[in-house]
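What the coordinates show
Each chain, written out:
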There are 2 protein chains.
Amino acid sequence: MDVVLLGSGNVATHLGLALAEAGHQIIQVYSRTLGNALLLADRLNAEAIDNMSGLANHADVFILAVNDDSVESVVGNLPHDLKGLVVHTSGTTSINVLKPLTRHGVLYPLQTFSKAKGVNFHAIPIALETGNTLDMAELEALAKSISNTVFVCDSHQRMTLHIAAVFACNFTNHLYAVAADLLRQEGLSFDLIKPLVIETAQKIQSLEPEEAQTGPAVRNDRKTMDKHLGYLREDPDWKRLYELLSEDIQKKRKVSGEE
Amino acid sequence: MDVVLLGSGNVATHLGLALAEAGHQIIQVYSRTLGNALLLADRLNAEAIDNMSGLANHADVFILAVNDDSVESVVGNLPHDLKGLVVHTSGTTSINVLKPLTRHGVLYPLQTFSKAKGVNFHAIPIALETGNTLDMAELEALAKSISNTVFVCDSHQRMTLHIAAVFACNFTNHLYAVAADLLRQEGLSFDLIKPLVIETAQKIQSLEPEEAQTGPAVRNDRKTMDKHLGYLREDPDWKRLYELLSEDIQKKRKVSGEE
């Protein structure tokens with residue numbers, strides 16, 4: 001298919017590379033900043049544009065891979081006579097913001113993208129939603145060409161997926177950052193904790209997270225927790241996080257115990 | 001070496017199996033509950049005991065692999081005339097609780113252990129501490145026979161490692177559990193989020209967590225965050241966690257931005 005990418009960030013980059021590799025033609029990359037459009041367009045053999053009036057109207061699919069908060073304003077600026085399917089890639093934006101466009105949908109890849117690291121797109125689940133069945137067939141064909149796990153869900157379920165991803169990925173990464181800071185303060189290497197991080201993620205590939213839970217909170221090692229809270233007294237934000245997360249672990253343990 | 005294990009939980013189990021595989025002889029497994037001692041002793045060709053007066057005094061090393069909160073009480077009940085080296089495996093317990101014993105030390109494996117899942121012990125960093133240099137040579141030989149990463153640190157640094165591990169592993173696993181609950185409520189499979197969990201852990205093997213941070217908070221996608229908080233209004237604990245973690249991500253971003 002002939003694809004136009006709107007956006008030049010992490011999602012646009014990885015999605016563009018995966019689509020190109022699957023044999024699709026990325027014909028244009030749009031960004032408000034021409035320099036950013038050029039950088040990505042160059043990698044995809046595409047034309048870089050910074051003006052929506054220049055959009056190639058004959059494209060099969062227009063992919064809005066922009067920040068969640070920018071989707072609506074980009075939609076507002078799109079020509080309304082586009083013949084191709086217009087999809088956004090946002091977890092939390094309803095399909096309804098695309099209603100001004102006749103043919104519209106959502107293609108939401110459930111993954112964390114950083115420009116500095118490549119990803120295997122085939123392992124990434126992709127959630128789809130469209131306004132009608134005909135458009136779904138086309139969008140499904142596109143998604144299946146780059147991923148082995150493609151499924152349909154509505155806008156509410158997609159937001160749930162996004163919030164779950166924020167907890168399991170964005171917040172998790174922040175806890176890694178807290179650990180790194182704690183170690184740095186004592187002159188200890190973050191490398192020491194890397195095997196633990198991998199093992200923790202691998203465990204829940206085969207165990208339920210509830211079964212995999214370890215640590216002072218789930219064992220109710222009160223003395224240990226008090227020592228840790230004493231240690232953290234000079235970092236009130238981390239102390240508060242420690243308390244809240246420990247309380248939540250203990251609540252969950254009680255609920256499970258009663259089942 | 002001839003080793004006596006005190007404890008029959010996750011750490012005792014995985015450590016015992018690794019030591020046996022490295023060619024050491026586990027001669028006894030002690031537990032207050034004979035049934036638990038028997039279960040593990042059976043796998044290690046060891047004798048099961050539930051009375052400390054029966055401890056084999058000729059053993060080279062006694063390993064106290066018990067809950068952090070129980071180390072002190074177990075030490076209190078140990079015969080004080082043991083000739084072997086007595087070590088505990090606790091992250092947060094000071095070496096000082098072992099002072100009643102002439103030869104003492106700490107062997108702290110930095111990993112999360114669940115009985116239901118095997119681990120590759122050679123990849124697990126082990127932190128060591130002893131009361132004197134001679135004992136360190138012996139403890140180091142033991143640790144190096146099961147791990148490729150053995151290092152010396154004091155009790156304060158070990159507590160830092162433990163707290164960092166609580167953030168990067170125990171709390172992280174709890175966030176996986178929150179994600180699983182959110183998905184379950186909407187009839188969505190936790191499997192959908194597993195590739196994301198692995199990728200998040202893999203990213204920080206090569207990137208600093210600060211560089212790897214993605215999501216609405218670090219982008220300051222305020223509209224998205226407000227929608228998420230609205231969604232979570234009926235789960236006040238998770239809403240509070242969402243707010244705190246997002247605020248902490250944004251604080252960190254500002255600090256880094258000023259550098």
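Structure first, text after, so check above.
Residues numbered from 1 in each chain as written. Chains lettered and ligands numbered in written order. Predicted model: local features only at pLDDT ≥ 70, side-chain atom pairs only at ≥ 80, totals over all residues. Heavy atoms only, no water.

1. Things to note about the overall build of chain A
If you tally the helices and strands in chain A, you get 10 helices and 8 strands. Taking the principal axes of its C-alpha atoms as reference, chain A extends roughly 70 × 45 × 30 Å. Looking at chain A alone, contacts between residues at least 24 apart form 52% of all its contacts between residues at least 6 apart. In the structure as shown, chain A presents an accessible area of about 10,400 Å², 48% of it carried by carbon and sulfur atoms. In chain A, 23 positive and 32 negative side-chain charges are present, and the distance between their average locations comes to 7 Å. (Helix = DSSP H or I, 4+ residues; strand = E, 2+ residues; numbered from the N terminus. Contact = heavy atoms within 4.5 Å. Areas by Shrake-Rupley, 256 points an atom, 1.4 Å probe, with all protein chains shown as cover. Lys, Arg positive; Asp, Glu negative; His and termini not counted. Charge placed at Lys NZ, Arg CZ, Asp CG, Glu CD.)

2. Observations regarding the interface of chain A and chain B
Contact with chain A, which involves 97 residues of that partner, is made by 97 residues of chain B. In total, about 9,400 Å² of surface goes out of reach between chain A and chain B, with carbon and sulfur atoms giving 65% of it. The salt bridge partner of Asp181(A) is Lys252(B), with a shortest N-O separation of 2.6 Å. On inspection of chain A and its partner chain B, the count reaches 40 residue pairs in polar contact (both at pLDDT 80 or more). Contributions of two or more residues to the side of chain A that touches chain B are made by α5 (155-185), α6 (194-206), α7 (209-212), α8 (216-219), α9 (222-231) and α10 (236-258) of chain A. (Buried area = accessible area lost by both parts, 1.4 Å probe. Salt bridge = Lys/Arg side-chain N within 4 Å of Asp/Glu carboxyl O. Polar contact = N/O pair within 3.5 Å; in protein donor to acceptor, adjacent residues only side chain to side chain.)

3. A look at the side chain of Asn170(B)
Relative to the elements of secondary structure, Asn170(B) occurs in helix α5 (residues 155-185). Relative accessible area serves as the criterion here: at 7%, Asn170(B) is assigned to the buried category. Setting aside its immediate chain neighbours within four residues, Asn170(B) contacts Gln213(A), Thr214(A), Gly215(A), Pro216(A), Ile249(A) and Ala165(B). (Buried < 20%, exposed > 50% of the residue type's maximum accessible area, 1.4 Å probe, protein only.)

4. Thoughts on the pairing of strand β7 (residues 126-130) of chain B
Residues and elements named next belong to chain B. Most of β7 sits out of view: 5 of its 5 residues are buried. The pairing of strand β6 (residues 104-109) with β7 spans 5 bridges and is classified as antiparallel. Residue pairing across strands places Gly105 opposite Thr130, the latter belonging to β7. Taking the sense of rotation as the criterion, the β-α-β connection linking β7, helix α4 (residues 133-144) and strand β8 (residues 150-152) turns out right-handed. (Pairing = 2+ DSSP bridges. Right-handed = clockwise from strand over helix to strand, strands pointing away.)

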